[in-house]
Amino acid sequence: MNRPYDDLPRQGEHHGPGAAHDSSTTVRAPQPPDLSSDETSPAERIHQLAHDQKQGRYRLRAWAEGEVGPPDEGFEETGRYTAGDELNEALGQLPDQPRFVVLENTQTGDVHLSRDSDLGGDWTGDDRFDQVTLFTDEADAAAYAKARQGAAE
């Protein structure tokens, strides 16, 4: 009989009854954030939609509640919206044509050119961008993006 006890493995080392080695593992996860708390809920954003008729551009800018400023030079404000259905409905009213968008962070100068014509969902890139300008001509969009990147450097 080479196995006196069936519950002891053939491999490894048996530490005996008084061993100080604890081979069990305890896993503890941190408490999840309380999403109902005011501290963790983001401030309501107001989206300002403006139109530059001369250039044929639209601009959408996200502002923190209470700090909405006037639209940039050449643009005329067409409306203010909160995120969700209200904003999506307003964007749905824009002319249905090819769109080239320049996403910008007005604080850091981060600029990104995209050929995306759908602004539904989270166009801010998880608050990476706070302004988007819509163009119908790709060359105009590229020139604007290049000028904005040059101004930020």
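Note that this is a predicted model, so its numbers are computed, not measured.

Section: the sheet that holds strand 3 (residues 76–82)
1) Next: The strand order 3-1-2-6-4-5 describes an open sheet built from six strands, whose pairing is antiparallel. Each edge of the sheet is formed by a strand with only one pairing partner; in this case those strands are strand 3 and strand 5 (111–114). In this sheet, adjacent strand axes meet at a mean angle of 20° when their direction is disregarded.
2) Next: With four bridges connecting them, strand 2 (residues 57–64) and strand 6 (residues 131–135) associate as antiparallel partners.

So, the packing of aromatic side chains
1) Next: Overall, the coordinates contain one aromatic pair when judged by the stated rule.
2) Next: Ring centres of F135 and Y144 lie 5.3 Å apart, and the angle between their planes is 50°; on these two criteria the pair is classed as tilted.
3) Next: In this structure, R61 packs its charged tip against the face of W63, placed 4.2 Å from the ring centre.

Let's talk about the pairing of strand 1 (residues 45–52)
Remark: a regular strand shows side chains that alternate across the two faces of the sheet.
1) Next: Counting buried residues in strand 1 gives seven out of eight residues, a clear majority hidden from the surface.
2) Next: As paired strands, strand 1 and strand 2 are joined by eight bridges and run antiparallel to one another. Paired with A50 across the strands is R59, a residue of strand 2.
3) Next: Joining the antiparallel neighbours strand 1 and strand 2 is a turn of four residues, in which G56 adopts a positive phi near 75°.
4) Next: By the bridge criterion, six bridges tie strand 1 to strand 3 in an arrangement that is antiparallel. Paired with H47 across the bridge in strand 3 is Y81.

Some remarks on the environment of T82
1) Next: Of note, T82 is situated in strand 3.
2) Next: Considered as a pair, T82 and R45 are 37 residues apart in the sequence and their alpha carbons are 6.3 Å apart.
3) Next: Residues in contact with T82, not counting those within four places in the same chain, are E44, R45, I46, H47 and L87.

What counts, and at which threshold
- Each residue is numbered by its place in its chain's sequence as written, counting from 1.
- In keeping with the model being predicted, local features are shown solely for residues with a pLDDT of at least 70 and side-chain atom pairs are shown and tallied solely at 80 or more, while totals for entire chains, interfaces and linings include all residues.
- Computation of side-chain values covers all heavy atoms of the structure but excludes hydrogens and water.
- Strand pairing requires that DSSP identify at least two bridges connecting the strands.
- Each helix corresponds to a stretch of at least 4 residues labelled H or I by DSSP, and each strand to a stretch of at least 2 residues labelled E; elements are numbered beginning at the N terminus.
- Axis lines are fitted to C-alpha atoms, over the contacting stretch for helices. Their N-to-C directions set the angle, which ranges from 0 to 180 degrees.
- Centres within 6.5 Å make a pair out of two Phe, Tyr or Trp rings, where for Trp the six-membered ring is used; the pair is then stacked when the planes are under 30 degrees apart, edge-to-face when over 60, and tilted otherwise.
- Definition used: whenever NZ (Lys) or CZ (Arg) falls within 6 Å of the ring centre and also within 35 degrees of the ring normal, the charge is taken to sit over that ring.
- Burial here depends on accessible area, computed with a 1.4 Å probe over protein chains only, as a share of the maximum for the residue type. Under 20% is buried, over 50% is exposed, and the range in between is partly exposed.
- Pairs of residues are marked as contacts when any of their non-hydrogen atoms sit within 4.5 Å.

Geometry only, nothing functional implied.
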